[in-house]
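Residue strings, one per chain:
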Amino acid sequence: MMLAAAGFSVAFALAAGPASADAGFQQWVASFRSVAAKSGVSGNTYDRAFRGITAPDPEVLEKARYQPEFTAPVWDYFDNRVHENSVAVGREMARKWKPWLDRIEARYGVDRYILLSIWSMESNYGEILKNDKVMRNVVRSLATLAYGDKRRAKFARTQLIAALKILQSGDIDESHLTGSWAGAMGHTQFIPTSYQAYAVDADGNGRRDIWTSVPDALATAANLLRKNGWQSGKTWGYEVVIPAGKLPAGSKTLAQWESLGVERANGKAFRRGGDKAELKVPDGRGGPAFLMTKNFYVLKNYNNADKYALAVGLLADEIAGHGGLVQDWKRPFTKLSFEEKQELQQRLSANGYYDGKADGKIGDGSRSAIKAFQAQMGLTQDGHPSKEVLKFLRGR
């Protein structure tokens, strides 16, 4: 009886919303209340979560529908993530959070530089959380996907229930339950079900707060990796040089790979020759090659993509001071530094080609602007952020 009355109150509250409210969405929210209740979400929690939410988020649906036309080459992915700025800020954060990193590393056995790298990859060391254009109400985002995106509806319903339970637990209040358009939350971007499985109250304040507590966020990431088999004291892999000719596929010990002529790119010996590894050449034979060990595959539990796990490993190594790639990616142009890419964007903006941020990250907007400039200058329209294009812009 109380449930029915509460359901009526939600329906009434929704119906009393602004004229621009979406009636179909309101009906969906009212009907989903009973689903949430069967999963253990109280009526009070549901009411708090949906207070003021009367229409789906159109930007979420737009992002869900958007399919990038540009397929990024491998160098593009890494250039936007492993660069001078991400390394420098990572080292700064290593100093700033050293006492907490000491504790987290001791408790979970996960390398601090891996955690810093994940933090960079997921939220630019928390900077993304300050961007109101990116951060959104998680409940509204997930309800929007559950209601309006058939492909993601099942996922979104599951995540919405989890998000409501997080709110109910008291770890965070409804005004701070924010995330990406797809519901990834906090400094280390956990979806609600992953939060439920791995979230940690590292700072001991009684709340698992990955939104405002850096110790909680980093410990949560460490807990995920540990529970998925992270091997303490071991690397994610090695950059290697491979001999000419065909090499066998599959996993072999490092000693076996060495016997086949595979050597570390920096000339040092492999540690733990009995550890197994798999050879990967993400940019073909002309680019860098890697032997991936167990921890590489553990990283894929965070994001099931080879490029993601490799970027985490490479950035972690650079933050730690181990150096970058010996063999660089195969770029068809001369690479810009991070600051030069910012200058490129600034000059494109000053000349009316670009209206985005000068953040040093080359996305579709930057590439389109470069192509437009190249077209006007009679250059090959490849959209590459090259020294050649910057030189032309400096001459304007």
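What counts, and at which threshold
- Residues numbered from 1 in each chain as written.
- Predicted model: local features only at pLDDT ≥ 70, side-chain atom pairs only at ≥ 80, totals over all residues.
- Heavy atoms only, no water.
- Helix = DSSP H or I, 4+ residues; strand = E, 2+ residues; numbered from the N terminus.
- Expected span 1.5 Å × (residues − 1).
- Buried < 20%, exposed > 50% of the residue type's maximum accessible area, 1.4 Å probe, protein only.
- Contact = heavy atoms within 4.5 Å.
- Axes fitted to C-alpha atoms, helices over the stretch in contact; angles between N-to-C directions.
- Parallel < 35°, antiparallel > 145°, perpendicular 65-115°, else oblique.
- Left-handed = near helix turned anticlockwise from the far one by under 90°.
- Nonpolar A, V, L, I, M, F, W, Y, C, P; charged D, E, K, R; others polar.
- Phe/Tyr/Trp six-rings, centres within 6.5 Å; stacked < 30°, edge-to-face > 60°.
- Core = buried A, V, L, I, M, F, W, Y, C linked by side-chain atoms within 4.5 Å.
- Salt bridge = Lys/Arg side-chain N within 4 Å of Asp/Glu carboxyl O.
- Pairing = 2+ DSSP bridges.

Visitor: Looking at this model, I keep getting lost on helix α10 (residues 153-169). Mind explaining?
Guide: Since the α-helix advances by 3.6 residues per turn, residues separated by three or four positions end up pointing in the same direction. The end-to-end C-alpha distance of α10, which contains 17 residues, comes to 24 Å, matching closely the 24 Å that a straight helix rising 1.5 Å per residue would cover. The set of residues buried in α10 consists of Ala153, Ala156, Gln159, Leu160, Ile161, Ala162, Ala163, Leu164, Ile166 and Leu167. The inward-facing, buried residues of α10 contact α2 (23-38), α3 (43-50), α9 (138-148) and α11 (192-198).

Visitor: Please clarify how the packing of helix α16 (residues 338-350) against helix α18 (residues 387-394) should be interpreted in this entry.
Guide: Relative placement of two packed helices is described by the angle separating their axes and the distance separating the axes. At their nearest, the axes of α16 and α18 sit 10 Å apart, and the two run at 45° to each other. If you check the angle between α16 and α18, you find them oblique. Our pair here, α16 against α18, has a crossing hand that is left-handed. Between α16 and α18, the contacting residues are Glu340, Glu343, Leu344, Arg347 and Leu348 on the first element and Lys387, Val389, Leu390, Leu393 and Arg394 on the second. Partitioned by chemical class, the residues of the contact of α16 with α18 number five nonpolar, no polar and five charged.

Visitor: Sorry if this is basic, but what is going on with the packing of aromatic side chains here?
Guide: Ring pairs (aromatic) are described by centroid distance and by the angle formed between their planes. The full count for this structure, using the stated rule, is 15 aromatic pairs. Summarising the aromatic geometry, the rings of phenylalanine 78 and tryptophan 329 are spaced 4.5 Å apart at their centres and angled 15° between planes, so their arrangement reads as stacked. In this pair, phenylalanine 78 sits in helix α5 (residues 74-79) while tryptophan 329 sits in the loop between α15 (306-319) and α16, placing the two residues 251 residues apart along the sequence. By relative accessible area, which is 7% here, tryptophan 329 ends up buried. Measuring from ring centre to ring centre gives 5.5 Å for tyrosine 353 and phenylalanine 373, while their planes differ by 80°; the resulting arrangement is edge-to-face. One end of the pair, tyrosine 353, is in the loop between α16 and α17 (364-377); the other, phenylalanine 373, is in helix α17, and 20 residues separate them in sequence. Per residue, the accessibility class of tyrosine 353 equals that of phenylalanine 373, and both read buried. In textbook terms, an aromatic cluster arises when at least three aromatic residues are bridged by ring pairs, as seen for Tyr77, Phe78, Trp236, Phe290 and Trp329.

Visitor: In this structure, what is going on with the environment of arginine 48? I would like to understand it.
Guide: Tracing the backbone shows arginine 48 in helix α3. Classification of arginine 48 by relative accessible area gives partly exposed; the value is 22%. Arginine 48 sits 126 residues away from glutamate 174 along the chain, and the two C-alpha atoms are 7.1 Å apart. In this structure, arginine 48 is in contact with Leu167 and Glu174, ignoring residues within four places of it in sequence.

Visitor: I'm lost on the nonpolar core in this one. Help?
Guide: The tendency in soluble globular proteins is for nonpolar side chains to be buried as a group. Counting residues in each nonpolar core, the largest one holds 83 residues, and the members touching the most others are Phe50, Ile114, Leu177 and Leu225. A total of nine residues in this core trace back to one element, the largest contributor, which is α15. Beyond its immediate sequence surroundings of up to four residues, phenylalanine 50 is in contact with Val29, Val139, Ala143, Leu160 and Leu164. Grouped together as the second largest cluster of nonpolar side chains are twelve residues, Leu344, Tyr354, Ile362 and Leu393 included.

Visitor: Sorry if this is basic, but what is going on with the packing of helix α6 (residues 84-96) against helix α7 (residues 98-108) here?
Guide: At a minimum axis distance of 5 Å, the contact between α6 and α7 shows a crossing angle of 80°. By the angle between their directions, the pair α6 and α7 is classed as roughly perpendicular. Of the residues in α7, those touching α6 at Met93, Ala94, Arg95 and Lys96 are Lys98, Pro99 and Leu101. Of the residues contributing to the contact of α6 with α7, the split by class is four nonpolar, no polar and three charged.

Visitor: Please clarify how unusual backbone geometry should be interpreted in this entry.
Guide: What is expected of a backbone is that most residues other than glycine have negative phi and most peptide bonds are trans. Of note in the backbone geometry, asparagine 124 takes a positive phi value of approximately 55° without being a glycine. By the secondary structure assignment, asparagine 124 is in the loop between α8 (112-123) and β1 (136-137). Located in the positive-phi region is arginine 272, a residue other than glycine, with phi close to 55°. Take arginine 272: it is sitting in the loop between β5 (263-264) and β6 (276-280).

Visitor: Please clarify how the pattern of salt bridges should be interpreted in this entry.
Guide: Two side chains bearing opposite charge may form a pair once their charged atoms approach each other closely. All told, the structure shown has 21 salt bridges when counted by the stated rule. Put simply, glutamate 59 and arginine 136 hold a salt bridge, and the shortest N to O gap is 3.3 Å. Remark: arginine 136 occurs in strand β1 and glutamate 59 occurs in helix α4 (residues 58-65); sequence separation between them is 77 residues. Look at arginine 136 and you get buried, because its relative accessible area is 11%. For arginine 207, the salt bridge is made with aspartate 209, and the minimal N-O distance between the two is 3.5 Å.

Visitor: Looking at this model, I keep getting lost on the pairing of strand β3 (residues 237-241). Mind explaining?
Guide: Here is the key point about a regular strand: its side chains alternate between the two faces of the sheet. Counting buried residues in β3 gives four out of five residues, a clear majority hidden from the surface. One ladder, built from four bridges, connects β3 with strand β7 (residues 289-292); its direction is antiparallel. Bridged to glutamate 239 within β7 is phenylalanine 290. Relative to β5, β3 is paired through two bridges, and the arrangement is antiparallel. Note that in β5 the partner of valine 240 across the bridge is arginine 264.

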